Amino acid sequence: MSAASTAESADFRGPLDITRAATVVLDAERTVIGWSPAATELLGYGPSDALGRPLTAFLSVRPAGGTLPAEASGAAGPGPGPPSLVGNEIHVARTRDGRELLVATATCPLPGAAGASGPGRPDRILVAAEVEALLHWESRIALLQGLATQSPVGLAIYDTDLRLSWSNTAYEREMGQPLDAFRGKRAEELYGAGSFVTPGYPHTLAGVMRQVLDTGEPVLDLHFRGQPPSDPGRDHLWSCAYYRLEDARGHAIGVCEDAFDITDRYRVQERLTLLVEAGRRIGTALDVATTAEEIAEVAVPDFAATVRVDVTRAAVTGETAAVGSPADMTLLRVAERSAPGSGTPDPGLPANGPTGTGPTAPATAQDPAGRGGDNSPGSPGGPGSTSSPGGPRQPYPAVDYPPGSPQNRSLSSGGLVLDEGTLVVPLRTGGGILGLVTFDRGEGPDAPGRTLAPDRATTFDNGEVALADELAARAAVCIDNARRYTRERTASLALQRQLLPHHLPPQSAVETAYRYLPADDVTGVGGDWFDVIPLSGTRVGLVVGDVVGHGLQAAATMGRLRTSVRAFAQLDMAPDELLTRLDDLVGQPAEDRSDAYGGAVETYDVTTGATCLYAVYDPVSRRCVMARAGHLPPAVVGPGGEVSFPDLPAGPPLGLGGLPFESTEIDLPVGSLLALFTDGLVEARDHDIGRGLDTLGRVLGDRSASLEELCDRAVSELVPGGTSADDTALLLVRTRALGADRVADWELTAEPVSVGRARELATGQLEAWGLEELAFATQLVVSELVTNAVRYAGGPLGLRLIRDRTLVCEVADTGHTSPHLRHSAADDEGGRGLFIVAQLVQRWGTRYTPTGKTIWTEQALPPAEAG
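For every chain, the first residue of the written sequence is number 1, and numbering continues from 1 onward in sequence order. Local features in a predicted model are, by the rule used here, given only for residues with pLDDT of at least 70; side-chain atom pairs are given and counted only at 80 or more, and totals for whole chains, interfaces and linings are based on all residues. Side-chain descriptors were evaluated using all non-hydrogen atoms of the structure, hydrogens and water having been removed beforehand.

**Overview of the pairing of strand β23 (residues 611-618)**
- For β23, the buried fraction is high: eight of the eight residues fall into the buried class.
- In this description, strands pair whenever DSSP reports at least two bridges between them. Numbering of helices and strands runs from the N terminus; a helix is a DSSP stretch of H or I covering at least four residues, while a strand is a stretch of E covering at least two. Inspection of the sheet shows strand β22 (residues 540-546) paired to β23 by seven bridges, in the antiparallel sense. Counted as the bridge partner of V544 is L613 from β23.
- Bridge count between β23 and strand β24 (residues 623-629): six bridges; the pairing is antiparallel. Its bridge partner being in β24, V616 is matched across the sheet by V625.
- Linkage of β23 to β24, two consecutive antiparallel strands, is achieved through a turn of four residues, within which R622 is found at a positive phi near 55°. Note on classification: 1.4 Å probe, protein chains only; a residue is buried when its accessible area is under 20% of the maximum for its type, exposed when over 50%, partly exposed between these limits.

And the structure:
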């Protein structure tokens, strides 16, 4: 905009002002006797052309006939202008070039003209202006009038001494009194306690206005916080603009202030910000207590002075949410937080009195609730205690709200309750109530330095109630997720505890130690497993396996495989045969599910692709037979510390089929170390398997360390921090051997006379061992087994006695048929021998060998010998 147009827009003289309008002096006969330059500019006639002519030569005698334009008709009649004008009329003016203009006119009689009227004597003055210019001026006047009386924006003018000289109606409403009551006061006198909160500007009204006066630079959207005289005790927030006022010569005459109350808008923005913050901070962990603490941290002090979160015992322990009456639920105080300086009574814990002046004291081992006393309902190990993942159990005190309290009414109705400055919102999900959140505004002042804290009302408006309901709804979803997670994690851990060995019983054949680290250290559930299985003849089965994936499904699959391996191992299967049977079992379930459901179920099965390593160690022969199905070979450390990884035939993972499994037999001298592990131990993102195997070999090469120390070192070096991308299982086995004084074996011929010879040999050996108490039973066992071997199998025969934790009796022959236990009828002459043997021993069974089979039995040693 040019300077000329700016000056024109700033000129508030009306178009019919005599100093601007086309002015014509008329005599009593309406003859033109005076003609102004403005009239020449409007109509194009000069004074010489107009003087002496009738007014009708330029204007119609009466207003233009027909329908006038809307703006013209609106301007007809009395309108704005100098008070001396009696009215406006609309005429059609004819210009010198023949154009017609729609003009508004006003006439004013001259004083004293009535007594001296006549031709050529001035009688009245007529002023004229275009209707469009008049309408434009009237709109500007209406704008000024609206700003002064109707605008919601507070307008005030301060002089150069920063004293208020004028204000509009909106400003008067804020002050609560008319302008005359506060005209001439300084800004600090009106808003002495207020200040600007927009950074980068002076904090006081005087400082900002003085800056505008000195620099001439206007400022826009400065946020001013203060208490208006019309609403003392509540802070408001205004968006303010300041600009310098200048006279026609450019001299500063004051400052104009535009102020709009944005308190409500700020409240909405504040609530939206709080919701965004809640979405970011609530639910960061799948833990009920953590989620409850997060909602308290988000709401204090911006939304409430005190927040208490009470959760049902069922939600804390992971059970199904209670949906019945309040009597069906026990509430536990899980989180509580208060702003500094606030103090509100707690109806749920009356013995504790008002809450403290700050955040709740942190829980300690001696005072887990942070309240300075033992709360029996939540005592350690009680039903009200819980624990965070990997942390100690944290009990929470039980709360009991009296009848009539807002919390009790909320529980009874299932809805939110507003009672003055207390708002109680239930944590609802799935038709059940998980707990309550109590928002309390309190009575104390808010923390200093907050933008709008003193404006915080002592109660909650409708918008704040809706905000609290939304916060509670979000928290309820997160708490319900944490509850479900707690339930599933508890079930998974219980399942895995049942599936993995609780402890490894002592074995005469080996000394063992182990470590198990699930990839998910939060849930503690994985798919790797290991086992040590006692077998016949003091042998021991060693197994380690890896299931694809983690979690409950992997744990369930691991349990199936471990149970199957144990069952097959009890049949004394060779490692390659055991893996073959296990492979057939793994391949079967997917086909069964496809047939049962018509292929509608998901075909992916974590069982397929599982790996396994199975080894059998014999302490008598000191030899180990092993086979693997897609698993890493074990590490073998000799008595001298040399480390090797046997080159076992690599069978395919379970369930894939295609190739047979092969066994390998190796010698393990006494004191050898055998390490069975999963790939999670030696493989990581930052190094390959080869580097991991080298590190493991270096750790295991220390012969002076115990097995427990070696386990700890291996885990600390290969799995730093105790976590890895895959589950980790490590089983260390140090071999032992049975001494020659504990084993006796003989070779017999397949002749009837060998039965008596076997009885003599067995009896003599038992006497040498001091086991005469077992002689009678052992003679019966040896007689029956040798007799069956002579009768149904071929020679040579083998008889072996082993004195271990039990007395083992073995008879080997070259036959491949296994005897079967049966119940003989009363008139049968035979078939009772094996039945009698089964009654005399703890266990018995058949073990097949490349040259035949071995029938073995185990008898309990006398108490003195067993101890």
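**Focus: the pattern of salt bridges**
- What makes a salt bridge here is a side-chain nitrogen of Lys or Arg within 4 Å of a carboxyl oxygen of Asp or Glu, nothing more. As enumerated under the stated definition, the model contains 35 salt bridges in all.
- A salt bridge links D123 to R124; its shortest N-O distance comes to 3.0 Å.
- Note that R623 is salt-bridged to E665, the shortest N-O span being 2.7 Å. Placement of R623 in strand β24 and of E665 in strand β28 (residues 664-667) is noted, with a sequence separation of 42 residues between them.
- Through salt bridges with shared partners, one network takes in E277, R280, R281 and E297.

**So, the packing of helix α10 (residues 263-281) against helix α11 (residues 288-299)**
- Axis separation between α10 and α11 bottoms out at 10 Å; the angle between their running directions is 155°. Taken together, the axes of α10 and α11 are roughly antiparallel relative to one another. In this structure, α10 crosses over α11, and the sense of that crossing is right-handed. Across from L274, E277, A278 and R281 in α10, the residues of α11 making contact are E294, E297 and V298.
- Amino acids are sorted into nonpolar (Ala, Val, Leu, Ile, Met, Phe, Trp, Tyr, Cys and Pro), charged (Asp, Glu, Lys and Arg) and polar (every other residue, Gly among them). Partitioned by chemical class, the residues of the contact of α10 with α11 number three nonpolar, no polar and four charged. An axis is simply a line fitted to the C-alpha atoms; with a helix, the fit covers only the stretch in contact. Between two such axes, the angle follows the N-to-C directions and lies from 0 to 180 degrees. Under this scheme an angle from 65 to 115 degrees is roughly perpendicular, one under 35 degrees roughly parallel, and one over 145 degrees roughly antiparallel; angles in between are oblique. Handedness of a crossing is defined here by the sense of rotation of the near helix relative to the far one, left-handed for an anticlockwise turn of less than a right angle and right-handed for a clockwise turn. Every residue pair with non-hydrogen atoms within 4.5 Å of one another is taken to be in contact.

**Examining the sheet that holds strand β34 (residues 843-849)**
- Taking strand neighbours across the sheet as the criterion, the five strands line up as β31-β32-β33-β35-β34 in an open arrangement whose pairing is antiparallel. Strands at the two margins of the open sheet, each flanked by one partner only, are β31 (743-748) and β34. The mean inter-strand angle of the sheet, taken between neighbouring strand axes irrespective of direction, is 15°.
- As paired strands, β34 and strand β35 (residues 852-860) are joined by seven bridges and run antiparallel to one another. The residue of β35 that forms the bridge with T849 is G852.
- Relative to the sheet, helix α20 (residues 753-769) contacts β31, β32 (797-803) and β33 (806-813), its axis offset from that of β31 by approximately 165°.

**Focus on the sheet that holds strand β29 (residues 673-677)**
- Here we have five strands laid out as an open sheet, ordered β20-β30-β29-β25-β26, and antiparallel in their pairing. Looking at the sheet topology across the chains shown, the edges are occupied by β20 (510-517) and β26 (643-644).
- Relative to strand β30 (residues 728-735), β20 is paired through eight bridges, and the arrangement is antiparallel. When the bridges of β30 are listed, Y516 appears paired with A729.
- Contacting β20, β29 and β30, helix α19 (residues 707-718) crosses the sheet at an angle of about 25° to β20.

**Quick notes on the nonpolar core**
- For the purposes of this section, nonpolar cores are sets of buried Ala, Val, Leu, Ile, Met, Phe, Trp, Tyr and Cys residues that join through side-chain atoms within 4.5 Å. Core analysis: the biggest nonpolar cluster contains 41 residues, and F303, V307, V309, V311, V334, L427 and F439 have the highest contact counts within it.
- Looking at this core, the elements that each hand over two or more residues are α10, α11, β12 (306-312), α12 (313-317), β13 (331-338), β18 (422-429), β19 (432-440) and α14 (462-499).
- With 10 residues, α14 is the largest single contributor of residues to this core.
- With sequence-adjacent residues up to four places away left out, F439 is seen in contact with A299, F303, A304, T306, V307, G421, T422, L423, V425, F460 and A468.
- Within the second largest apolar cluster, 27 residues are counted, among which are V755, L774, V782 and L797.

**Some details on the environment of V733**
- Residue placement: V733 occurs in strand β30.
- Distance from V733 to L674, taken between C-alpha atoms, is 5.0 Å for residues 59 residues apart in sequence.
- Beyond its immediate sequence surroundings of up to four residues, V733 is in contact with V510, E511, T512, L542, S672, L673 and L674.

**A look at unusual backbone geometry**
- Of note, the amide linkage connecting V300 to P301 takes the cis form, showing an omega dihedral of 0°.
- Following the sequence through the fold, P301 ends up in the loop between α11 and β12.
- Phi is positive for R622, which is not a glycine, with a value near 55°.
- Take R622: it is sitting in the loop between β23 and β24.

**As for helix α22 (residues 833-840)**
- When we look at burial in α22, the residues that qualify are G833, L834, V837 and A838. Here the buried residues of α22 occupy an arc of 140° about the axis, which is enough to place them on one side.
- Here the buried face of α22 lies against α21 (775-792), β34 and β35. This arc is built from the directions going out from the helix axis to the C-beta atoms.

**Description of the confidence of the model for the chain**
- As a per-residue measure, pLDDT tells how confident the predictor is, with possible values from 0 to 100. Looking at the chain as a whole, its pLDDT mean stands at 80, while 81% of the residues score no less than 70.
- Under a pLDDT of 50 for its full length, residues 1-7 has, in the predicted model, two contacts with residues more than four places off or in other chains.
- Across residues 64-86, where pLDDT falls below 50, the model places 29 contacts with residues more than four positions away in sequence or in other chains.

**So, the packing of α20 against α21**
- In contact at an axis separation of 9 Å, α20 and α21 are set at 150° when each is read in the N-to-C sense. One element, α20, and the other, α21, form an angle in the roughly antiparallel class. The interaxial crossing formed by α20 with α21 has right-handed handedness. In this structure, α20 uses S754, V755, A758, R759, A762, T763 and L766 to contact α21, whose residues at the interface are A775, T778, Q779, V782, S783, V786 and T787.
- Grouping the amino acids of the contact of α20 with α21 by side-chain chemistry returns seven nonpolar, six polar and one charged.

**Looking at the pairing of strand β3 (residues 89-94)**
- Sheet topology places β3 next to strand β4 (residues 100-109); six bridges connect them, and they run antiparallel. Bridging from a neighbouring strand, H91 pairs with V103 of β4.

**Things to note about α19**
- Here, expected helix span is obtained from the residue count minus one, scaled by 1.5 Å. In a regular helix each residue adds 1.5 Å, so 12 residues correspond to 16 Å; α19 covers 16 Å between its end C-alpha atoms and thus fits that length.
- Turning to α19, its buried residues are L707, L710, C711, A714, V715 and L718. Buried residues in α19, looked at end-on, bunch into an arc of 130°, giving them a common side.
- Residues of α19 that are buried sit in contact with β20, β29, α17 (679-682), α18 (689-700) and β30.

**Some words on the packing of aromatic side chains**
- Two rings from Phe, Tyr or Trp (for Trp, the six-membered ring) form a pair when their centres sit within 6.5 Å of each other. Planes less than 30 degrees apart are called stacked, planes more than 60 degrees apart edge-to-face, and all others tilted. Evaluation of the coordinates by the stated rule reveals 11 aromatic pairs.
- Here Y191 and F224 contribute two aromatic rings whose centre-to-centre distance is 5.9 Å and whose plane-to-plane angle is 85°, an arrangement assigned as edge-to-face. Of the two residues, Y191 sits in the loop between α8 (187-190) and β8 (195-196) while F224 sits in strand β9 (residues 219-226), which places them 33 residues apart along the sequence. You'll find Y191 and F224 in the same group, each marked buried.
- Between F303 and F460, the aromatic rings sit 5.6 Å apart at their centres with planes inclined by 45°, giving tilted as the arrangement. Highlighted residues: F303 in the loop between α11 and β12 and F460 in the loop between β19 and α14, separated in sequence by 157 residues.

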